[in-house]
Amino acid sequence: MKTALLVGAGVGMALFAFSGGAFASVDGGAGGDVPADPAPDYQTGAALMAIRVFESNSTDSAYTLLNGGGRFSGFADHPAALGWGGTRLSDSTCRAAGYGPGCVSTAAGAYQIILPTWKRLKNKLGLIDFSPESQDAAAVELIRENGALADVQAGNFTAAINKLSHVWASMPGNYAAQRQGSLTAWLNAFTNNGGALA
């Protein structure tokens, strides 16, 4: 199976294809710029795949996943921006997240991005749709915004998880009362998808 993956944002974007446990450059990066050392981009790709393993799945169908297991079709925008009302969460999950009973999640796509986060990143990055490439770019930006991109690229994935655990509910240490993977499972997902630990 091959999966396209867009890494970076703006001028620094590079398109990779995932096949057989490793990423390979498809286009050499935006504007034909080939990074002198592409290894950090492979690390970022492995981190994105690890997030997908726990937040959605590692197939192309992850990009159409709604919180709760449903699917959406079309990538014009985030499904909640197009009228999907979200998935009602359990009262205990709502409490753990600091909300009252009856709260809903608008998490969608490969990285289970909620609508308010998507709107902010869409505007910040100038994204025009909720395509797989836009979802990948938004996830990379969340990693960057939380100061974890350098850790990912250097193979300090435990440090990256510690910085990102408040972003993705499936990461160890997250406050949400949802299914979390162990640190060992996360590190394995990173290395099994081509990442190298420092």
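A short tour of the structure in this document, coming up.

1. Remarks on the overall build of the protein chain
At step 1: In terms of helices and strands, the protein chain carries seven helices and five strands.
At step 2: Taken from N to C terminus, the helices and strands of the protein chain fall in the order β-β-β-α-β-α-β-α-α-α-α-α.
At step 3: When burial is assessed residue by residue, the protein chain has 47% of its 198 residues classed as buried.
At step 4: Put simply, of all contacts in the protein chain between residues at least 6 apart along the chain, 49% involve residues at least 24 apart.

2. Things to note about the packing of helix H3 (residues 115-125) against helix H4 (residues 132-145)
A pair of packed helices is characterised by two quantities: the angle between their axes and the separation of those axes.
At step 1: Contact geometry of H3 with H4 gives a least axis separation of 10 Å together with a crossing angle of 95°. With respect to their mutual orientation, H3 and H4 come out roughly perpendicular. In this structure, H3 contributes Thr117, Trp118, Arg120, Leu121, Lys124 and Leu125 to the contact, and H4 contributes Ser134, Ala137, Ala138, Glu141, Leu142 and Glu145.
At step 2: Considering only residue class, the contact of H3 with H4 consists of six nonpolar, two polar and four charged.

3. A short note on the nonpolar core
At step 1: Within the largest apolar cluster, 39 residues are counted, with the highest numbers of intra-cluster contacts made by Tyr111, Ile143, Phe157, Trp168 and Trp186.
At step 2: Those elements giving two or more residues to this core turn out to be helix H1 (39-55), H3, H4, helix H5 (149-154), helix H6 (157-164) and helix H7 (183-192).

4. A word on the layout of surface pockets
At step 1: The volume enclosed by the largest pocket comes to roughly 920 Å³.
At step 2: Along its surface, the largest pocket is lined by 34 residues, and Ser105, Ala107, Ile114, Ala169 and Gln178 are the ones closest to its centre.
At step 3: Residue assignment for the lining of the largest pocket shows that the elements contributing at least two residues are H1, strand E5 (104-105) and H3.

5. A closer look at H3
At step 1: Listed as buried for H3 are Leu115, Trp118 and Leu121. One side of H3 carries all its buried residues, which in axial view fall inside an arc of 125°. Away from its buried face, by an angle of more than 90 degrees, H3 presents the exposed residues Pro116 and Asn123.
At step 2: In this fold, the buried residues of H3 make contact with H4.
At step 3: Phi turns positive, to about 70°, at Gly126, one or two residues after H3.

Cut-off values and rules
- Residues numbered from 1 in each chain as written.
- Predicted model: local features only at pLDDT ≥ 70, side-chain atom pairs only at ≥ 80, totals over all residues.
- Heavy atoms only, no water.
- Helix = DSSP H or I, 4+ residues; strand = E, 2+ residues; numbered from the N terminus.
- Buried < 20%, exposed > 50% of the residue type's maximum accessible area, 1.4 Å probe, protein only.
- Contact = heavy atoms within 4.5 Å.
- Axes fitted to C-alpha atoms, helices over the stretch in contact; angles between N-to-C directions.
- Parallel < 35°, antiparallel > 145°, perpendicular 65-115°, else oblique.
- Nonpolar A, V, L, I, M, F, W, Y, C, P; charged D, E, K, R; others polar.
- Core = buried A, V, L, I, M, F, W, Y, C linked by side-chain atoms within 4.5 Å.
- 1 Å grid on protein atoms, 1.4 Å probe; cavity = no way out; pocket = protein on both sides within 12 Å on 5 of 7 lines; lining within 4 Å.
- Points joined across faces, edges and corners; volume = space filled by probe spheres on them.
- Arc of directions from axis to C-beta.

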